[in-house]
Amino acid sequence: MALACQEFARAGVGVAVMEAGVGGRSDATQVLTRVAATVITNVDLDHVGVLGGTVEAIAADKAGAAQPGVPLLTTATGAALDVIAAAAAQAGAPLHTPDTHPALFALPRPPRLEGAHQQRNAALAAATLRTLGYGPGVDAALNATHPARLERFQVDGRAVLIDGAHNPHATHALAAALRGTPVHTLLFGNLARKDTAATLAPLLPLTPQRVFTAPGDLATPPQDLATQHGGEATADITTALARALALTPPGGTLLVTGSLYLAGHVRTQLLARTP
């Protein structure tokens, strides 16, 4: 983060968006001064070894980023929102949510990114831009695209969807976004430190045709996944992609997800095949 700040200073950046690495209370971003807004997106079970094993504990850590007088914007709901609201009140940070400030979070049209979760993300981005005095930038934000966020490729007459979902909240959102879209094959791999069973659970009903692979040395063993959940196992990503494509019929859809590492590997290979 220090190097990023140094480069931003050299470039004369007026406003920087700094993403916390993990949580908020003890993150390196806590050393920043002149913070104009604090933004918390969804809160779910991720990085539990560091942040805690409950949504409330994770929300409390993230809400530790609240600062006196600095607006705190969030689209969190339920128990997570209750914790964030309490932390904001204790810190003296004005809390802005879709319920407390509906006009601030309103969207003039849907974003280009697909899925209900992207609607929430876009609303939070729009609210942040307006809070910072950059309201005209909302239109540009709605036109934004993002690699490995339901990114679509065409390969030999087959649709390939790449998504970096790597925790239960993200795969639930992904499965909801794909409702009504037939998925013929799933290519999945993730890191062993993740809650693999919970992450994979929303994806299993999409298709019985699965190929499991290993996105790096710290991956969940693909053979374990194939044994537990049904499917084939191929540790090498290139070989796994070729097999998944072969299992997908012409006109069918292959979904690649479970890890940003996997998404990056597959995306690089598909881009290399694009004329």
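Coordinates for the structure precede this section.
Residues numbered from 1 in each chain as written. Predicted model: local features only at pLDDT ≥ 70, side-chain atom pairs only at ≥ 80, totals over all residues. Heavy atoms only, no water.

Let's talk about the overall build of the chain
The secondary structure content of the chain amounts to 12 helices and 9 strands. Taking 19 Å as the expected radius of gyration for a compact globule of 275 residues, we find that the chain reaches 20 Å, a close match to that expectation. Counting only C-alpha atoms and orienting by the principal axes, one finds that the chain spans roughly 55 × 40 × 40 Å. Taken over 275 residues, the chain has a buried fraction of 41%. Taking the intrachain contacts of the chain between residues at least 6 apart in sequence as the baseline, contacts between residues at least 24 apart amount to 63%. Just so you have it, the chain exposes about 13700 Å², and 57% of that area is on carbon and sulfur atoms. (Helix = DSSP H or I, 4+ residues; strand = E, 2+ residues; numbered from the N terminus. Rg over C-alpha atoms; globule rule 2.2 N^0.38 Å. Buried < 20%, exposed > 50% of the residue type's maximum accessible area, 1.4 Å probe, protein only. Contact = heavy atoms within 4.5 Å. Areas by Shrake-Rupley, 256 points an atom, 1.4 Å probe, with all protein chains shown as cover.)

As for the pattern of salt bridges
Working definition: two side chains of opposite charge can pair if their charged atoms are close together. Per the stated rule, a full pass over the model turns up 6 salt bridges. A salt bridge links Arg 273 to Asp 156; the nearest nitrogen and oxygen atoms lie 3.1 Å apart. Taken as a pair, Arg 273 in helix α12 (residues 260–273) and Asp 156 in the loop between β4 (151–155) and β5 (158–162) lie far apart in primary sequence, 117 residues in all. As a salt-bridge pair, Glu 232 and Arg 243 come within 2.8 Å of each other at their nearest N and O atoms. One end of the pair, Glu 232, is in strand β8 (residues 232–233); the other, Arg 243, is in helix α11 (residues 237–247), and 11 residues separate them in sequence. (Salt bridge = Lys/Arg side-chain N within 4 Å of Asp/Glu carboxyl O.)

Some details on the environment of Thr 171
With respect to the element layout, Thr 171 can be found in helix α8 (residues 168–177). Thr 171 sits 92 residues away from Ala 263 along the chain, and the two C-alpha atoms are 14 Å apart. Those residues within four positions of Thr 171 in sequence are excluded, and the remaining contacts are Ala 165, Ala 198, Thr 199, Pro 202 and Leu 203.

A few points about unusual backbone geometry
In the Ramachandran plot, Ala 148 falls in the positive-phi region, its phi being about 65° despite a non-glycine side chain. Summarising the element assignment, Ala 148 is placed in the loop between α7 (138–142) and β4. For Leu 150, which is not a glycine, the phi torsion comes out positive at approximately 50°. Tracing the backbone through its elements, the reader meets Leu 150 in the loop between α7 and β4. The exposure class assigned to Leu 150 is buried, which follows from its relative accessible area of 7%.

Structural notes on the sheet that holds strand β1 (residues 38–40)
Working definition: the strands of a sheet are paired by backbone hydrogen bonds and lie parallel or antiparallel to each other. Across the sheet, 3 strands lie side by side as β1-β2-β3; this open sheet has parallel pairing. A single partner strand is all that each edge strand has here, and the edge strands are β1 and β3 (95–96). Running over the sheet, helix α4 (residues 78–91) touches β1, β2 (72–74) and β3 and is turned about 175° from β2. Most of the contacts of helix α6 (residues 116–131) go to β2, to which it runs at about 160°, and overall it touches β1, β2 and β3. (Pairing = 2+ DSSP bridges. Axes fitted to C-alpha atoms, helices over the stretch in contact; angles between N-to-C directions.)

A word on α4
When the terminal C-alpha atoms of α4 are compared, their 20 Å separation across 14 residues agrees well with the 20 Å that a helix rising 1.5 Å per residue should span. Of the positions making up α4, those classed as buried are Ala 80, Leu 81, Ile 84, Ala 87 and Ala 88. End-on, the buried residues of α4 take up no more than an arc of 130°, which puts them together on one face. Exposed residues lying more than 90 degrees from the buried face of α4 are Asp 82, Ala 89 and Gln 90. On its buried face, α4 sits against β1, α3 (55–63), β2 and β3. Positive backbone phi, at 75°, marks Gly 92, one or two positions downstream of α4. (Expected span 1.5 Å × (residues − 1). Arc of directions from axis to C-beta.)

Worth remembering: the numbers are spatial, not functional.
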